[in-house]
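An overview of the molecular structure
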Amino acid sequence: MKIAMLARNPDLYSHKRLKEAAEERGHQLDIINTLRCYMNIASRRPEIFYNGSKLEGYDAVIPRIGASITFYGLAVLRQFEMMGVYPLNESVAIGRSRDKLRSMQLLARDGIGLPVTTFAHDPKMTEEVLKTAGGAPVVIKLLEGTQGIGVVLADTERSAKSVIEAFRGANVNILVQEFIKEAGGTDIRAFVVGGKVIASMKRVGAPGEFRSNLHRGGSAEMIRISPEERSTAIRAAKSMGLNVCGVDMLRSNHGPVVMEVNSSPGLQGMEMATGIDVAGKIIDFLMKNAQAGKTKTKGKG
Ligand code: ADP
């Protein structure tokens, strides 16, 4: 199989591991810098050029598109889809998961447990928004944030109001969410591949930190998740339409609640914590499923 991986940094652990796993299985995996691809989008015969030559003969494409280049990256991925190359995750599905608001609406529609979450545009609605989220303490999140940056815990009504007003004044979109105190600064990440949870870990925040992101100093360990958590993760992946994703959940008093579905989950933390060959499982999934023209959307929508 000839695989293209859309990624900017070939030295990242996840990218190196995917290349290794593909080569171990006798496949070719080329790392292609997404931003260096160019294409004639008006041509009836979709094609992509890279470093002066046409990209041809690929059976599958692994999108590892960073949040900051989502727009261009998805356009390149769509072009691959139109060429009939099988994507590990489809462009539409990645688009859904990248928009926190849209993904929560879709998860809610499918009856998946979520923290009570409110969204409003007008800063005059601050009091009502706070009331709907159950009052302080609340978690306020920038819609565009990643890796825990732009996630704020406001302990009191007064601090919540000033944070909301400050964010709104800066003209950024925010979500206001009930604070799941009982999660105790830990969260669960379930790694889903092809409708199955293949590995899961618990992330624990640094002392005094309510955010458990590894990038914020958290640590990770392997856990066995409950059947309810497992089915929540699988349903969340299905609801987004993602073949491969990391589903982040909190253990709340009312069962697992999904915080986020990540379409390009990092492999390092998960492989280190669990010892599971996550990269190998991803390549095995591609081997089983990548067939020309099997893309559902063929770059539509
Ligand atoms: P990001 O996408 O930037 O990582 P998250 O929404 O995943 O942001 O939040 C970062 C971390 O903050 C989570 O891993 C979790 O530990 C904590 N957290 C987020 N939302 C809540 C919440 N509603 N209640 C309790 N802790 C939360």
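Further up the page is the structure itself.
The following refers to the structure shown. This structure is a prediction, so every number in the text was calculated from the model and none was measured.

Now for the overall build of the protein. For the protein, the count of helices and strands is nine helices and 16 strands. The globule rule puts the C-alpha radius of gyration for 301 residues at 19 Å, and the 20 Å found for the protein is close to it. Referenced to the eigenvectors of the C-alpha coordinate spread, the extents of the protein come out at roughly 60 × 45 × 35 Å. Across the 301 residues in the protein, those meeting the buried criterion constitute 50%. Here the analysis covers contacts within the protein between residues at least 6 apart in sequence; of these, 67% occur between residues at least 24 apart. Within the protein, one finds 41 positive and 31 negative side-chain charges whose respective centroids are separated by 4 Å.

A few words on empty space enclosed by the protein. Under the criterion given, the structure shown has two cavities of 30 Å³ or more. Approximately 70 Å³ is the volume found for the largest cavity. Considering the residues around the largest cavity, the lining is formed by 13 residues, among which Ala120, Val129, Ile164, Arg168 and Ile174 are closest to the centre. For the lining of the largest cavity, the secondary-structure elements that each account for two or more residues are β8 (117-119), α5 (126-132), α6 (157-169) and β11 (174-178). Partitioned by chemical class, the residues of the lining of the largest cavity number eight nonpolar, three polar and two charged. By volume, the second largest cavity is sized at about 40 Å³. Among the residues making up the lining of the second largest cavity, the classes are represented as five nonpolar, three polar and one charged. In this structure, the lining of the second largest cavity is formed jointly by two domains, domain 1 (2-95) and domain 3 (182-287), each of which donates at least three residues.

Relative to each other, helix α3 (residues 91-98) and helix α4 (residues 100-109) sit at 100°, their axes nearing to 5 Å. The orientation of α3 relative to α4 falls into the category roughly perpendicular. For the pair α3 and α4, the contacting residues are Gly95, Arg96, Ser97 and Arg98 in the first and Lys100, Arg102, Ser103 and Leu106 in the second. Its residues assigned to classes, the contact of α3 with α4 shows one nonpolar, three polar and four charged.

Enumeration according to the criterion identifies 16 salt bridges in this entry. In this structure, Asp248 engages Arg189 in a salt bridge whose closest nitrogen and oxygen atoms are separated by 2.7 Å. One end of the pair, Asp248, is in strand β15 (residues 244-252); the other, Arg189, is in strand β12 (residues 186-193), and 59 residues separate them in sequence. The exposure class of Asp248 is buried, given its relative accessible area of 3%. Residue classification places Arg189 among the buried residues on the basis of a relative accessible area of 7%. Between Glu229 and Arg251 there is a salt bridge, with its nearest N and O atoms 2.6 Å apart. Placement of the pair is Glu229 in helix α7 (residues 227-240) and Arg251 in strand β15, with a sequence separation of 22 residues.

Residue Pro137 follows Ala136 across a cis peptide bond; omega there is -5°. Topologically, Pro137 is positioned in the loop between α5 and β9 (138-142). With phi around 50°, Asn51 is a residue other than glycine that occupies positive phi space. The topology assignment puts Asn51 in the loop between β4 (48-50) and β5 (53-54).

Next up on the list: the environment of Val176. Note that Val176 resides in strand β11. Setting aside its immediate chain neighbours within four residues, Val176 contacts Val116, Thr117, Thr118, Val129, Leu130, Ala133, Val138, Val139, Ile140 and Ile164.

Glancing now at the pairing of strand β6 (residues 60-63). Remark: a regular strand shows side chains that alternate across the two faces of the sheet. Burial along β6 is two-sided: the face carrying Ala60 and Ile62 and the face carrying Val61 and Pro63 are both buried. Relative to β6, strand β1 (residues 2-6) is paired through four bridges, and the arrangement is parallel. The residue of β6 that forms the bridge with Ile3 is Ala60. Pairing between β6 and strand β7 (residues 86-87): two bridges, direction parallel. Its bridge partner lying in β7, Val61 is registered against Pro87. What joins β6 to β7 is helix α2 (residues 70-82), and the crossover it makes is right-handed.

The subject of this paragraph is the site of the ligand. Not every one of the 20 residues close to the ligand is listed here, only the nearest: Lys141, Gly148, Asp187, Asn213 and Glu260. Contact distances for the ligand include 3.3 Å between an oxygen atom and a side-chain N or O atom of Lys100. Within the side chain of Lys141, an N or O atom sits 2.6 Å from an oxygen atom of the ligand. Taking 540 Å² as the accessible area of the ligand by itself, protein coverage stands at 97%. For the shell around the ligand, the secondary-structure elements that each account for two or more residues are β9, β11 and β16 (255-262). Partitioning the shell around the ligand into residue classes produces seven nonpolar, six polar and seven charged. Composition of the shell around the ligand by domain shows at least three residues from each of domain 2 (117-179) and domain 3 (182-287).

What counts, and at which threshold
Residues numbered from 1 in each chain as written. Predicted model: local features only at pLDDT ≥ 70, side-chain atom pairs only at ≥ 80, totals over all residues. Heavy atoms only, no water. Helix = DSSP H or I, 4+ residues; strand = E, 2+ residues; numbered from the N terminus. Rg over C-alpha atoms; globule rule 2.2 N^0.38 Å. Buried < 20%, exposed > 50% of the residue type's maximum accessible area, 1.4 Å probe, protein only. Contact = heavy atoms within 4.5 Å. Lys, Arg positive; Asp, Glu negative; His and termini not counted. Charge placed at Lys NZ, Arg CZ, Asp CG, Glu CD. 1 Å grid on protein atoms, 1.4 Å probe; cavity = no way out; pocket = protein on both sides within 12 Å on 5 of 7 lines; lining within 4 Å. Points joined across faces, edges and corners; volume = space filled by probe spheres on them. Nonpolar A, V, L, I, M, F, W, Y, C, P; charged D, E, K, R; others polar. Domains from an automatic or database assignment. Axes fitted to C-alpha atoms, helices over the stretch in contact; angles between N-to-C directions. Parallel < 35°, antiparallel > 145°, perpendicular 65-115°, else oblique. Salt bridge = Lys/Arg side-chain N within 4 Å of Asp/Glu carboxyl O. Pairing = 2+ DSSP bridges. Right-handed = clockwise from strand over helix to strand, strands pointing away. Near = heavy atom within 4 Å. Polar contact = N/O pair within 3.5 Å; in protein donor to acceptor, adjacent residues only side chain to side chain. Areas by Shrake-Rupley, 256 points an atom, 1.4 Å probe, with all protein chains shown as cover.

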